[in-house]
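Structural features, examined
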Amino acid sequence: MENAADFIWMNGEMVPWEDAKVHVLTHGLHYGTGVFEGVRAYETARGTAIFRHQDHIDRLFASAKLYYMPIPFSREEIRAATHDTISRNGLASCYIRPIVFRGYGTMGLFPLEVRVDVAISVWKWGAYLGDASKTDGIRAKVSSWRRIGPDALIPHAKASGQYLNSILAKIESHKAGYEEAILLDHVGNVCEGSGENIFIVRDGTIHTPPQTASILDGVSRRSLIQIARDLGYTVLERDIARAELYLADEVFVCGTAAELVPVREIDDHAIGEDGRPGEITLVLQRAYDDALHGRSERYAEWLDVVPARAPA
Ligand SMILES: Cc1ncc(COP(=O)(O)O)c(C=O)c1O
């Protein structure tokens with residue numbers, strides 16, 4: 001893999017990257033019985049710092065609970081293991097992927113007696129939607145695939161199997177020549193991108209789909225709602241009709257991997273005046289970048305600084 005690091009933490013042990021393997025009959029591989037997180041650590045003046053680490057760990061435990069999966073480590077153990085994995089790999093900034101999955105030993109759909117394994121990987125990962133995405137914005141397409149509904153799966157969980165839905169949307173948008181898919185929810189309102197939450201701006205007010213629109217409760221989304229309100233903007237969490245995407249003055253998506261990315265075109269409609277990133281989008285992007293990189297005093301408590309490694 002490009003950007004492979006040296007070690008992966010697996011069930012309490014630090015394992016060389018190339019030896020971090022599972023059996024081909026791993027339950028999660030067959031049935032998607034895993035839950036995971038996507039987290040980022042940034043190089044800051046206080047050292048390497050993990051953005052909203054506790055919130056990501058809490059969501060990992062929430063996803064596991066929703067799938068009746070007991071995590072055989074405490075929140076504090078996962079946190080410390082993540083710190084160790086980053087320092088052991090000597091990374092100043094990285095993407096962090098903890099995964100909890102049903103392991104090897106028993107097949108069949110009844111999972112409750114199958115062992116639960118945990119791994120934490122870290123690696124260098126650049127802008128998820130491409131280097132130019134943050135400055136130039138992206139072109140998106142409303143997908144023909146609806147986001148998983150709450151009566152079939154659990155939008156609030158970040159579970160491995162659920163991502164087949166995002167993957168279908170991603171493939172469709174890619175084949176059609178777009179950089180990202182926007183999924184509607186089960187009733188046809190705007191939901192989110194294949195791996196990001198979505199916001200629109202109309203007449204100076206910021207709108208984003210609510211928790212009941214089958215969204216993943218994104219950490220970036222929560223952060224941006226707070227930042228926007230702190231800056232004095234009105235943010236409404238409400239159902240958004242598809243046409244409002246095309247009529248919006250500004251649209252942006254946000255997620256841990258992508259960060260804040262303006263959307264310049266949706267279904268071949270230019271967004272706003274000329275498809276260039278809008279004014280409010282740019283203000284929020286700057287404030288969010290400052291928070292991520294530890295340049296903001298106000299959001300300093302969102303950063304979990306990785307303790308410096310004691311000399312060997
Ligand atoms: C489907 C989906 N929605 C939204 C998000 C954004 O969530 P977060 O900001 O917590 O990364 C992600 C990324 O994790 C995602 O996969």
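Residues numbered from 1 in each chain as written. Predicted model: local features only at pLDDT ≥ 70, side-chain atom pairs only at ≥ 80, totals over all residues. Heavy atoms only, no water.

1. Examining the overall build of the chain
Which entries qualify depends on this criterion: Here a strand is any run of E in DSSP of at least two residues, a helix any run of H or I of at least four, and the numbering for each starts at the N terminus. Relative accessible area decides the class of each residue, using a 1.4 Å probe on protein chains only: under 20% of the type maximum gives buried, over 50% gives exposed, and in between gives partly exposed. Note on contacts: a residue pair is in contact if any heavy atoms of the two residues lie within 4.5 Å. The Shrake-Rupley method, run with a 1.4 Å probe sphere, supplies the accessible areas, and residue values consider only the shown protein chains as cover.
Regarding its fold elements, the chain presents eight helices and 17 strands. Each principal axis of the C-alpha distribution contributes one length, and for the chain these read about 55 × 45 × 30 Å. Taken across its 312 residues, the chain has 54% of its residues classed as buried. A separation of at least 24 residues holds for 71% of the contacts in the chain among residues at least 6 apart in sequence. Taken as a whole, the chain presents about 14300 Å² of accessible surface, with 53% of it coming from carbon and sulfur.

2. Considering the packing of aromatic side chains
Rule in force here: Stacked, edge-to-face and tilted labels apply to pairs of Phe, Tyr and Trp rings (six-membered ring for Trp) whose centres lie within 6.5 Å, assigned for plane angles under 30 degrees, over 60, and everything in between, in that order. Ring-over charges, as used throughout, are those where CZ of Arg or NZ of Lys falls within 6 Å of the ring centre and within 35 degrees of the ring normal.
According to the stated counting rule, one finds 10 aromatic pairs in the structure shown. Both rings, one in Trp-123 and one in Trp-125, keep their centres 5.6 Å apart while their planes meet at 45°; by these two values the pair is tilted. By relative accessible area, Trp-123 is classed as buried at 11%. An angle of 15° between the planes, with centres 4.5 Å apart, marks the rings of Tyr-299 and Trp-302 as stacked. For the pair formed by Tyr-299 and Trp-302, the shared burial category is buried. By way of ring pairs, the aromatic residues Phe-51, Tyr-288, Tyr-299 and Trp-302 are connected into one cluster. When the ring centre of Phe-61 is taken as reference, the NZ or CZ atom of Arg-75 above it lies at 4.4 Å. Taking the ring centre of Phe-7 as reference, the NZ or CZ of Arg-88 above it sits at 4.2 Å.

3. With respect to the nonpolar core
Note the following rule: What is meant by a nonpolar core is a set of buried Ala, Val, Leu, Ile, Met, Phe, Trp, Tyr and Cys residues, joined one to another through side-chain atoms within 4.5 Å.
Ile-86, Ile-96 and Val-100 are the most contacted members of the largest nonpolar core, which totals 35 residues. Those elements that place two or more of their residues in this core are strand E1 (7-10), strand E4 (39-44), helix H2 (53-66), helix H3 (75-89), strand E6 (94-102) and strand E7 (116-123). In terms of residue count, E7 provides more of this core than any other element does, six residues in total. Ile-86 has contacts with Ala-41, Thr-48, Ile-50, Leu-91, Cys-94, Ile-96, Val-122 and Val-306, leaving out every residue within four places of it along the chain. Ranked by size, the runner-up nonpolar core spans 23 residues in total, among them Val-201, Leu-224, Ala-228 and Leu-260.

4. Digging into the site of the ligand
Stated precisely, the cut-off is as follows: Residue proximity to a molecule or strand is established when one non-hydrogen atom of the residue lies within 4 Å of it. Polar contact is defined as a pair of N or O atoms within 3.5 Å, subject to the rule that within protein one atom must be able to donate a hydrogen and the other to accept it, and that residues adjacent in sequence are counted only when both atoms are side-chain atoms. Any residue that is not Ala, Val, Leu, Ile, Met, Phe, Trp, Tyr, Cys, Pro, Asp, Glu, Lys or Arg is counted as polar, Gly included; the first ten are nonpolar and the last four charged.
For the ligand, the set of nearby residues contains 16 residues, the closest of which are Lys-158, Tyr-163, Val-219, Ser-220 and Thr-256. One of the side-chain nitrogen or oxygen atoms of Lys-158 is found 2.7 Å away from an oxygen atom of the ligand. One nitrogen or oxygen atom from the side chain of Thr-256 is found 2.6 Å from an oxygen atom belonging to the ligand. Protein chains bury 96% of the 380 Å² of accessible surface belonging to the ligand in isolation. Put simply, the parts of the chain that give the shell around the ligand at least two residues each are helix H6 (219-230) and strand E14 (250-255). Class assignment for the residues of the shell around the ligand results in four nonpolar, seven polar and five charged.

5. Observations regarding H3
Rules: Here the expected span of a helix is defined as 1.5 Å times the quantity of residues minus one.
End to end, H3 covers 21 Å across 15 residues, agreeing with the expected 21 Å (1.5 Å per residue, within 8%). Within H3, burial applies to Ile-78, Ala-81, Thr-82, His-83, Thr-85, Ile-86, Ser-87 and Asn-89. The positive-phi residue at the C-terminal boundary of H3 is Gly-90, with phi of around 65°.

6. Points about the side chain of Ser-133
Relative to the assigned elements, Ser-133 resides in helix H4 (residues 133-136). Residue class for Ser-133 comes out buried when judged on its relative accessible area of 3%. In contact with Ser-133, not counting residues within four places along its chain, are Ile-138, Val-261 and Pro-262.

7. Comments concerning the pairing of strand E11 (residues 197-202)
Selection rule: Strands are labelled as partners when DSSP assigns at least two bridges between them.
Along E11, five of the six residues are buried, which leaves the element largely enclosed by surrounding structure. Examined bridge by bridge, E11 and E14 share five bridges and lie antiparallel to one another. Residue pairing for E14: Asn-197 is matched across the bridge by Cys-254. In textbook terms, the turn of a hairpin is the stretch between consecutive antiparallel strands, and for E11 and strand E12 (residues 205-208) this stretch comprises two residues, one of which, Asp-203, has a positive phi near 50°.

8. Things to note about the confidence of the model for the chain
To be explicit about the condition: Confidence of the predictor in every single residue is expressed as pLDDT, which spans 0 to 100.
When pLDDT is averaged across the chain, the result is 97; 99% of the residues are at 70 or more. In the model of the chain, H4 stands out as the element of lowest mean pLDDT, 94, in contrast to strand E3 (residues 34-36), which has the highest, 99.

9. Notes on the environment of Gly-108
Its location among the elements puts Gly-108 in the loop between E6 and E7. On the basis of relative accessible area, Gly-108 is assigned to the partly exposed category, the value being 25%. Sequence separation between Gly-108 and His-27 is 81 residues; the distance between their C-alpha atoms is 8.1 Å.

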